[in-house]
Amino acid sequence: MAYQFSKYKSTYRGLALLGLPILVSQLGGIALGFADNIMVGRYGTEDLAAASFVNAMFNTAFCAILGFSYGLTPLAGALFGGGQRRAIGALTRTALRCNIAFALVVMAIMTVLFFNLEHLGQPTELLPLIRPYYLLWLVGLVPLAVFNLLAQWLYSINNSRLPMYAVIGCNSLNILCNYMLIYGHWGAPEMGLTGAGIATLISRVLMMAVLLWAILGKRLYRDYRDGFKAADAPVGTARRVWSTSMPVSFQMAFESGSFSVAGLMTGWLGTVPLAAYQIIIVIGMFGFCIYYSLGAAISVKVANATDEGAAQQRKIAWAGYHLMLTLMLCAMAIFVFLAEDFIYVFTEDTAVRALTLTLITPLLLYQLGDATQVTFANALRGTSQVQPMLWIAFTAYIVIGVPATYLLAFTAGLGVSGVVLSFSVSLLLAAALFLHFFLRATSARR
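What this report covers is the structure whose coordinates are included nearby. Only a predicted model underlies this, so the values are computations on that prediction, with no experimental measurement involved. (Residues numbered from 1 in each chain as written. Predicted model: local features only at pLDDT ≥ 70, side-chain atom pairs only at ≥ 80, totals over all residues. Heavy atoms only, no water.)

## Section: the packing of aromatic side chains
How we decide: Put simply, two rings from Phe, Tyr or Trp (the six-membered ring, in Trp's case) pair if the centres are within 6.5 Å, and we call them stacked under 30 degrees between planes, edge-to-face over 60, tilted for the rest. Here a strand is any run of E in DSSP of at least two residues, a helix any run of H or I of at least four, and the numbering for each starts at the N terminus. Here's how the labels work: a residue is buried when its accessible area is under 20% of the maximum for its type, exposed when over 50%, partly exposed in between, all with a 1.4 Å probe on protein chains only.
Evaluation of the coordinates by the stated rule reveals 21 aromatic pairs. With 4.8 Å between their ring centres and 70 degrees between their planes, F68 and W242 make a pair best called edge-to-face. Placement of F68 in helix 2 (residues 45–69) and of W242 in helix 10 (residues 237–269) is noted, with a sequence separation of 174 residues between them. Judged by relative accessible area, W242 falls into the partly exposed class, the value being 33%. Here W318 and Y321 contribute two aromatic rings whose centre-to-centre distance is 6.2 Å and whose plane-to-plane angle is 65 degrees, an arrangement assigned as edge-to-face.

Structure representation (structure tokens):
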């Protein structure tokens with residue numbers, strides 16, 4: 001064991017140094033999610049259920065946009081390993097255009113869905129709450145896309161602190177605006193769920209603005225700015241961005257889409273199950289966001305090691321998996337020992353509390369699949385061999401995952417417990433396939 005630790009020690013350290021600020025950013029996002037849902041949940045159960053529906057609908061859009069920004073990481077990370085700063089700036093300029101164009105396409109799709117909300121089987125009493133909240137989230141898609149792209153560029157050059165500061169500061173402001181606009185404090189009108197949506201939009205615009213201000217003004221980024229302002233990147237760069245971005249985008253869209261469909265199916269069960277589902281998903285996001293922070297670091301480090309060979313890339317991935325399993329155990333311990341306290345602060349509705357508590361066991365069951373798929377999906381992304389990610393995600397999350405959700409929830413009669421239990425099926429299958437293709441991609445380079 002001592003030999004094994006010494007073998008991975010420096011790799012652990014590099015991953016931790018890059019991943020820790022991302023983890024802090026993710027914890028800030030978790031704190032915001034908790035604050036949003038606690039404030040909305042205590043304002044009213046119907047508001048919480050409406051928020052759950054909109055969150056479920058937009059999770060797919062957000063993850064598609066986030067996944068598209070991930071396409072920059074292997075390209076910029078490999079250039080950073082070779083010290084090509086001006087080339088990274090030119091690449092980022094092209095990637096920014098591609099990401100904004102993609103976000104506009106997603107906005108168009110979500111706009112079509114907005115005009116068909118009444119056909120999606122949700123309780124009719126929720127629609128007046130859903131519509132304005134939905135529109136506010138729709139407007140925030142482009143600022144979110146720009147922030148994600150700039151954050152991925154900073155991660156690829158091993159700077160994860162600046163996005164961390166932006167997220168913490170803007171999320172803190174978001175919580176204050178929530179308090180003011182949801183309940184009508186400090187002279188503001190009482191706006192309920194709509195107030196929460198306005199606060200979120202303000203936060204997303206400011207996060208984008210903070211990164212733009214720092215990147216355009218700081219001397220540290222001068223070489224990158226010169227490349228960004230100079231002539232466009234070489235012919236074919238846009239095609240490379242799209243080819244590395246689209247598979248990851250679809251992978252994340254299919255994964256989150258399965259959760260969105262699960263939320264839609266839960267809405268068929270009624271308002272109380274939908275509110276309980278929202279609470280357990282927010283709690284479960286604590287684990288995912290922790291895993292994501294390390295997964296992002298794994299992807300960057302694998303990309304940085306492109307010139308060092310496949311053996312080094314595998315070493316980074318396995319070291320990351322060791323750390324990931326440790327984080328998974330920590331997350332599971334938190335779920336076990338603090339779940340009842342978390343549920344209590346979300347809502348005063350005793351029926352919602354009792355139902356949510358029954359969902360802790362299926363939540364625990366899918367953590368291994370989640371932690372493993374995050375590790376090796378990001379490791380595969382770092383190799384830039386991302387084409388298999390699309391059909392892996394489609395098979396695991398759509399072909400297998402969605403039917404599993406329906407069968408367990410309705411055919412087997414398990415209700416919302418069956419919904420959450422079905423996540424274990426899709427996540428474990430995805431984890432096995434991502435691991436297989438990462439090993440195959442690195443074997444091909446040996």
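On we go from here.
## Here we look at empty space enclosed by the protein
Selection rule: Residues are called lining when one of their atoms sits within 4 Å of a cavity or pocket point, these points coming from a 1 Å grid over the protein atoms alone, where a cavity is a set in which a 1.4 Å probe fits but cannot get out and a pocket is an open set with protein on both sides within 12 Å along at least five of seven lines. Grid points are joined across faces, edges and corners, and a volume is the space filled by probe spheres set on the points. Just so you know the grouping, Ala, Val, Leu, Ile, Met, Phe, Trp, Tyr, Cys and Pro go in nonpolar, Asp, Glu, Lys and Arg go in charged, and all remaining residues, Gly too, go in polar.
For the structure shown, the criterion picks out three cavities of 30 Å³ or more. Estimates place the volume of the second largest cavity at around 120 Å³. Counting residues per element, the ones that place at least two in the lining of the second largest cavity are helix 10, helix 11 (271–304) and helix 15 (367–382). Residue contributions to the lining of the second largest cavity peak at five residues, all from helix 15. Of the residues belonging to the lining of the second largest cavity, the class tally is eight nonpolar, three polar and two charged.

## Remarks on the nonpolar core
Heads up, the rule is: Put simply, buried Ala, Val, Leu, Ile, Met, Phe, Trp, Tyr and Cys residues joined by side-chain atoms within 4.5 Å make one nonpolar core. The contact criterion used is simple: two residues touch if any of their non-hydrogen atoms lie within 4.5 Å.
Counting 145 residues, the largest nonpolar core has F58, M110, L141, W153, Y277, F423 and F434 as the members making the most contacts within it. If one sorts the elements of this core by residue count, helix 11 sits on top with 21 residues. In this structure L141 touches F58, F62, I65, A103, V106, M107 and M110, once residues within four positions along its chain are discounted.

## Here's the deal with unusual backbone geometry
You will see that S384, though not glycine, has its phi angle at about 70 degrees, which is positive. Positionally, S384 belongs in the loop between helix 15 and helix 16 (387–411). When its relative accessible area of 26% is taken as the criterion, S384 is described as partly exposed.

Everything listed here is a matter of geometry and, on its own, says nothing about what the molecule does.
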